[in-house]
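Listed below, chain by chain, are the residues.
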2 protein chains.
Amino acid sequence: MASLIAPENPSPVADAEAIRKAVQGWGTDEKAIISIMGHRNAVQRKLIRQAYEETYQEDLIKRLESELSGHFEKAVFRWVLDPADRDAVLANVAMKQSKVDYHVIVELSCIYSPEELLAVKRAYQARFKRSMEEDLASHTSGDLGKFLVALVGIYRYDGDEIDPRLAKSEANVLHNAIKEKIFNHEEVIRIVSTRSKAQLMATYNRYKDEYDTTITKHLVDDPADQYLAAVRTAIRCVNDPKKYYEKVIRNALNKPGTDEDALTRVIVTRAEKDLKEIKELYYKRNSVSLDHAVAKETSGDYEAFLLTLLGKED
Amino acid sequence: MASLIAPENPSPVADAEAIRKAVQGWGTDEKAIISIMGHRNAVQRKLIRQAYEETYQEDLIKRLESELSGHFEKAVFRWVLDPADRDAVLANVAMKQSKVDYHVIVELSCIYSPEELLAVKRAYQARFKRSMEEDLASHTSGDLGKFLVALVGIYRYDGDEIDPRLAKSEANVLHNAIKEKIFNHEEVIRIVSTRSKAQLMATYNRYKDEYDTTITKHLVDDPADQYLAAVRTAIRCVNDPKKYYEKVIRNALNKPGTDEDALTRVIVTRAEKDLKEIKELYYKRNSVSLDHAVAKETSGDYEAFLLTLLGKED
């Protein structure tokens, strides 16, 4: 369930006017921006953008970028964009880093539905005039690159059907590769990147039944190996997305200095989906509410905005 | 342009009735089936299938399969199916052969538009309850498998934009790999499988300008190497699909015993698209009309059906 609290039918024109007031003249009224945008779902935000553009002949996103700054600006930018467009931006930023942030790519392939991933690919092409696949392929290399390109290049089957014999045989294939420490075996990449999520869950469960440990525990060799870390992430994302996101948030908050990019990404991409359950998991795991933890590690408008998306009542 | 000759608004109900008459009782009236189905476009054929099913509570495709036989049955089956569904069947048949028929896969990736390929992937999943990618990946191996999975797993950018600097640098990358005889270089697979068609044409032209020969001429080593043959095919399909199809038909007709599968595939998949131009190319290249050549190498209902799709007036 969503953590976002949004009224049913707010007026896009009134919202656009209020935002115009907040960004005009000396200074910016960040609180007003948060109190509106922090309580609107994707469709409502889109209508506000359109109303703003029609009324003031100005791109709202560009205006907000020029008015805001820092982590707050980044978070608002990611929130105000269409979800598929935002995810295209996140993917582009992730692959352009000196060390590719595989999390974003793995999430798109292993948590998003095939149709959602396709929408992100279309948005990517509309924005960057190139395919996500070609950019990813030319920005990555080695085993990690091979794995990520395979992950993202697949239009997965989304059905519930499971082939138990295939689950058994592929659990065995994975185990043999792991036993011989050929972690980058073609078959490992093939199975993890092409099989449907339902089939993969069956395979991973079978693996656990046969070999007494989860496959992720076996897929550890060199802790610095980014490829192996990405494979483990892909398995976790398929097995339990909410648990995975809880861990991303926990790591982001526990990191010295806080990993704001990861924190923003999870809150912004999940606020309309399952952030409520992720919050519950966080509380169970850490005995402190996510709101408290976020409030402790962030500050100012950025803090206020995240807390709003987390469902804090004004 | 299409070679198919179809009336503007035939009655699906009357067509279904006529086909019912042709398949009922002793024997089958193949001529009647050809004279109707051989003159209907994809939408019209779909309406006939629906009208037939509604009126007779029977699947027309199954009925035709039980009434017809040999190459004629195969051709009618491929023609009567929805195009995307037919292409899914063709891909499935191609990858299940002991030696994968890479032509079908390469055509889907390098001639079909990204949206058309996507439609085939959707049809494949609806029919086989698995993704095309996972089946392809588990039926192929080695360099050829790697290349085909990459080709099919990409949602290519379809725009016309070209980056001339990139064309120059990637022509160079390709040339270096070829010069050192590392034909299966990761970069070769990456470039050929991920770049947009417009960009690839620019790269291949640049290659020709810089190194005085077409890249396909340089991509020859062991003639039995299926991977290299597939790469050359991918390049030809991007550069000039009609010329490529002319060659497929020529090879199919010249082969001792005729390659009916290839012949049927090109005629059935292109009759509503560009078979008229392919025919003209064939005539220019071979100084004999394609109708004549097909009539010479085929016979009976199969011959009559192909000639009808080729636009022969009744």
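Everything numeric here is computed off the predicted structure, so don't read it as measured data.

1. Thoughts on the overall build of chain A
Helices and strands together make up the secondary structure of chain A, namely 20 helices and zero strands. In terms of overall size, chain A behaves like a compact globule, its C-alpha atoms giving a radius of gyration of 21 Å where 314 residues would be expected to give roughly 20 Å. C-alpha extents for chain A along the principal axes are approximately 65 × 45 × 35 Å. Counting every position in chain A, which comprises 314 residues, the buried fraction comes to 53%. Put simply, of all contacts in chain A between residues at least 6 apart along the chain, 72% involve residues at least 24 apart. By element, 49% of the accessible surface of chain A is carried by carbon and sulfur atoms, the whole surface being about 14100 Å².

2. Some details on helix 7 (residues 102-110) of chain A
With eight of its nine residues buried, helix 7 of chain A lies for the most part within the structure. When helix 7 of chain A is considered as a whole, its buried residues turn out to be Tyr102, Val104, Ile105, Val106, Glu107, Leu108, Ser109 and Cys110 of chain A.

3. Concerning the side chain of Ser193 of chain A
All names here are of chain A. Of note, Ser193 is situated in helix 12 (residues 186-194). A distance of 2.6 Å separates a polar atom in the side chain of Ser193 from the backbone oxygen of Ile189. Excluding its chain neighbours within four sequence positions, the residues that come into contact with Ser193 are Ala150, Leu151, Ile154 and Arg156.

4. Thoughts on the interface of chain B and chain A
With 26 residues of chain B at the contact, the number on the chain A side is 26 residues. Here chain B packs against chain A, burying approximately 2300 Å² in sum over the two surfaces, 53% of which is carbon and sulfur. Interface area lost by chain B to chain A is led by Glu134, Tyr155 and Tyr157 of chain B, which between them contribute 27%. Where chain B packs against chain A, one counts six salt bridges. For the salt bridge of Arg195 of chain B with Glu134 of chain A, the shortest nitrogen-to-oxygen distance reads 2.8 Å.

5. Thoughts on the pattern of salt bridges
All names here are of chain B. Taken as a whole and judged by the stated rule, the model has 58 salt bridges over all chains. Note that Lys74 is salt-bridged to Asp261, the shortest N-O span being 3.0 Å. Pair noted here: Lys74 is in helix 5 (residues 70-80) and Asp261 is in helix 17 (residues 260-270), with a separation of 187 residues, a long-range link. Look at Asp261 and you get partly exposed, because its relative accessible area is 39%. Its salt-bridge partner being Lys279, residue Asp291 comes within 3.5 Å of it at the nearest N-O pair. With Asp291 in helix 19 (residues 290-297) and Lys279 in helix 18 (residues 275-286), this residue pair connects regions lying 12 residues apart in the sequence.

6. Concerning the UniProt feature "binding site: Ca(2+) 2" (unreviewed entry) in chain A
All names here are of chain A. UniProt's feature table lists "binding site: Ca(2+) 2" (unreviewed entry) at Lys255, Gly257 and Glu297, given in the numbering used throughout. For the residues just named, distributed over 43 residues, the greatest C-alpha separation is only 9.9 Å, placing them together at one site. The residue Lys255 is located in the loop between helix 16 (241-254) and helix 17 (260-270) in this model. In this fold, Gly257 is placed in the loop between helix 16 and helix 17. Accessibility expressed as a relative area gives 61% for Gly257, which makes it exposed.

7. Remarks on the nonpolar core
Counting 101 residues, the largest nonpolar core has Met132, Phe147, Leu148, Tyr227 and Leu263 of chain A as the members making the most contacts within it. Sort the elements by how many residues they give to this core and helix 15 (residues 226-239) of chain A lands first, with nine residues. In contact with Phe147 of chain A, not counting residues within four places along its chain, are Ile189, Val192, Tyr227, Ala230, Val231 and Ala234 of chain A. Membership of the second largest hydrophobic core comes to 99 residues, among which are Ile105, Ala234, Ala271 and Leu275 of chain B.

8. Overview of the UniProt feature "binding site: Ca(2+) 3" (unreviewed entry) in chain A
Residues and elements named next belong to chain A. With numbering matched to this structure, UniProt assigns "binding site: Ca(2+) 3" (unreviewed entry) to Ala295, Thr298 and Glu303. Relative to the elements of secondary structure, Ala295 occurs in helix 19 (residues 290-297). Given a relative accessible area of 29%, Ala295 falls into the partly exposed group. Setting aside residues up to four positions removed in sequence, Ala295 forms contacts with Glu303 and Leu307.

The rules we used
Residues numbered from 1 in each chain as written. Chains lettered and ligands numbered in written order. Predicted model: local features only at pLDDT ≥ 70, side-chain atom pairs only at ≥ 80, totals over all residues. Heavy atoms only, no water. Helix = DSSP H or I, 4+ residues; strand = E, 2+ residues; numbered from the N terminus. Rg over C-alpha atoms; globule rule 2.2 N^0.38 Å. Buried < 20%, exposed > 50% of the residue type's maximum accessible area, 1.4 Å probe, protein only. Contact = heavy atoms within 4.5 Å. Areas by Shrake-Rupley, 256 points an atom, 1.4 Å probe, with all protein chains shown as cover. Polar contact = N/O pair within 3.5 Å; in protein donor to acceptor, adjacent residues only side chain to side chain. Buried area = accessible area lost by both parts, 1.4 Å probe. Salt bridge = Lys/Arg side-chain N within 4 Å of Asp/Glu carboxyl O. UniProt positions renumbered as here; feature names shortened; annotations may be inferred. Core = buried A, V, L, I, M, F, W, Y, C linked by side-chain atoms within 4.5 Å.

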